[in-house]
Amino acid sequence: MSFEPSAAPVPRDPALLGQTLVVIGGSAGIGLATARHARAEGAAVILTGRDPERLRTAAAEVGALSTAAFDADDSAALQRFFQNLPSPVDHIMVTAGHPSYRRLLDMDADQARRAISGHTALALEVARLAAGTVRPGGTLLLLGGTGARRVRAGLGIAPAVTAALPALTAGLALELAPVRVNLIAAGFVDTPLSARLLGDGLDARREELRAALPIGRVVVPADVAALAVHIMTNTALTGATYDIDGGQQLVG
Ligand SMILES: NC(=O)c1ccc[n+]([C@@H]2O[C@H](COP(=O)([O-])OP(=O)(O)OC[C@H]3O[C@@H](n4cnc5c(N)ncnc54)[C@H](OP(=O)(O)O)[C@@H]3O)[C@@H](O)[C@H]2O)c1
């Protein structure tokens with residue numbers, strides 16, 4: 001049997017040429033990888049994060065249009081940031097924040113309130129501000145996890161928190177239209193956050209996942225970035241949750 005030689009790639013314009021992406025939490029991990037990918041597709045990127053030095057390094061690496069160092073959980077600082085943005089922007093991605101794996105029964109009411117409202121309150125706050133900032137057809141892209149797909153010991157309150165996000169995303173997609181709103185639900189991604197959470201156990205966890213996952217490797221930030229840029233460019237997508245976990249939820 002003979003095969004035709006594969007065709008030469010068809011030249012195409014960069015997918016985000018002339019567009020602006022704001023990454024709230026863009027100095028490391030999934031946010032930085034998405035900024036990198038978006039730059040390669042022609043976008044201008046605006047990055048935020050709390051640590052100014054880390055932000056400077058990230059901005060220099062990707063050639064960011066601008067940066068702003070502030071805590072996204074500080075409502076006043078978030079509002080000031082939006083007031084100073086060039087308007088309109090095309091896409092906003094929220095990667096700030098981190099999960100809590102506290103045991104449910106070890107949390108008092110205040111700790112539970114903070115854990116449950118943290119991710120959702122930030123998403124809502126950014127959505128309110130995005131309403132006057134993102135152009136019609138642009139996107140608000142949120143980050144959650146797959147913990148709620150298969151609740152197991154050790155995840156504590158995290159599955160309950162992530163379970164709320166798909167419904168929140170769908171509701172926001174209706175209220176923010178024609179801006180599109182989507183959620184990426186990730187399993188383990190090999191980022192600085194994962195390194196911090198796992199400490200000395202990081203290499204063992206990577207090995208365990210390489211052996212167990214159907215894809216035979218761990219998911220890296222560039223994988224999530226490719227999905228994020230696809231969601232930004234595919235104008236049919238809104239109100240939806242996209243799992244990216246290398247099949248992790250199928251194998252425990
Ligand atoms: N990694 C995973 O396995 C995984 C899985 C599922 C979901 N997620 C979610 O995906 C998102 C990104 O995770 P990641 O692993 O990429 O995290 P990461 O490596 O820690 O990067 C997070 C980025 O956000 C910034 N950031 C964090 N908190 C912030 C705040 N309050 N205000 C402003 N900037 C803030 C960080 O910079 P500063 O620290 O300098 O602020 C950094 O630039 C998180 O919401 C996480 O819960 C991650």
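Up top you'll find the structure we're talking about.
Presented here is a report on the structure given in the accompanying data block. Sequence order sets the numbering: in each chain, residues are counted from 1 along the sequence as written. Only residues with pLDDT of at least 70 are given local features in this predicted model, and only at 80 or more are side-chain atom pairs given and counted; all residues enter the totals for whole chains, interfaces and linings. In computing side-chain properties, one takes all heavy atoms of the structure into account and sets aside hydrogens as well as water.

### Points about helix 8 (residues 221–233)
Helical geometry: 3.6 residues make up each α-helical turn, so side chains three or four residues apart lie on a common side. Its 13 residues place the ends of helix 8 19 Å apart at the C-alpha level, agreeing with the 18 Å of an ideal helix rising 1.5 Å per residue. Relative accessibility decides the category of a residue: with a 1.4 Å probe and only protein chains considered, values under 20% of the type maximum give buried, values over 50% give exposed, and everything between is partly exposed. Here a helix means four or more residues in a row that DSSP labels H or I, a strand means two or more in a row labelled E, and each is numbered from the N terminus. Burial in helix 8 covers these residues: P221, V224, A225, L227, A228, V229, I231 and M232. Residues of helix 8 that are buried make contact with strand 1 (20–24), helix 1 (29–40), strand 4 (89–94), strand 5 (134–145), strand 6 (180–186) and strand 7 (241–244). What a helix is expected to span follows from its residue count: subtract one and scale by 1.5 Å. The contact rule is simple, with two residues in contact once any of their heavy atoms fall within 4.5 Å.

### Re a nonpolar patch on the surface
On the surface, a cluster of nonpolar side chains totalling about 260 Å² of accessible area is made up of Y101, L197 and L198. Within the element layout of this structure, L197 appears in helix 6 (residues 192–198). Looking at L197, the relative accessible area reads 46%, which means it is partly exposed. Like-charged residues within 9 Å of one another, or nonpolar side chains (Val, Leu, Ile, Met, Phe, Trp, Tyr) within 5 Å, are grouped into patches, provided each residue has over 30% relative accessible area and no salt bridge. What sets the accessible areas is the Shrake-Rupley method with a 1.4 Å probe; for residues, cover comes only from the shown protein chains. By definition here, a salt bridge exists when the distance from a side-chain nitrogen of Lys or Arg to a carboxyl oxygen of Asp or Glu is within 4 Å.

### Some thoughts on the packing of aromatic side chains
Stacked, tilted and edge-to-face pairs are distinguished by plane angle, under 30 degrees for stacked and over 60 for edge-to-face with tilted covering the rest, among Phe, Tyr and Trp rings (Trp via its six-membered ring) whose centres lie within 6.5 Å. A full pass over the atoms with the stated rule returns 2 aromatic pairs. A ring pair is formed by F70 and F81, whose centres lie 5.1 Å apart and whose planes are at 35°; its orientation type is tilted. Remark: F81 occurs in helix 3 (residues 75–83) and F70 occurs in the loop between strand 3 (66–69) and helix 3; sequence separation between them is 11 residues. The two residues F70 and F81 agree in class, both being buried.

### A few points about the side chain of T95
Position of T95 relative to the elements: it lies in the loop between strand 4 and helix 4 (109–130). Throughout this description, a polar contact denotes any pair of N or O atoms lying within 3.5 Å of each other; where both atoms belong to protein, one of them has to be capable of donating a hydrogen while the other can accept it, and for residues adjacent in sequence the pair is counted only when both atoms sit in side chains. In this structure the side chain of T95 is engaged in a polar contact, spanning 2.6 Å, whose partner is the backbone oxygen of G25.

### Some thoughts on the site of the ligand
The environment of the ligand is made up of 31 residues, and the closest members are S27, R50, R54, V189 and T191. G187 places a polar main-chain atom, nitrogen or oxygen, 3.4 Å from an oxygen atom of the ligand. A distance of 3.2 Å is found between an oxygen atom of the ligand and a backbone nitrogen or oxygen belonging to L193. For the ligand, whose accessible area on its own is 890 Å², the fraction buried by protein is 93%. Within the residue set of the shell around the ligand, elements represented by two or more residues are helix 1, strand 5 and helix 6. If one sorts the elements of the shell around the ligand by residue count, helix 6 sits on top with 4 residues. Under the convention adopted here, Pro, Cys and the residues Ala, Val, Leu, Ile, Met, Phe, Trp and Tyr are nonpolar, Asp, Glu, Lys and Arg are charged, and Gly plus all remaining residues are polar. For the shell around the ligand, the residue count by class is 12 nonpolar, 13 polar and 6 charged. Only a single heavy atom is needed: when it lies within 4 Å of a molecule or strand, its residue is near that molecule or strand.

### A word on the side chain of R205
The residue R205 is located in helix 7 (residues 202–212) in this model. A residue is classified by how much of its surface remains accessible, and R205, at 19% relative accessible area, is buried. Non-local contacts of R205, meaning those with residues more than four positions away in its chain, are made with R152, F188, L198 and Q248.

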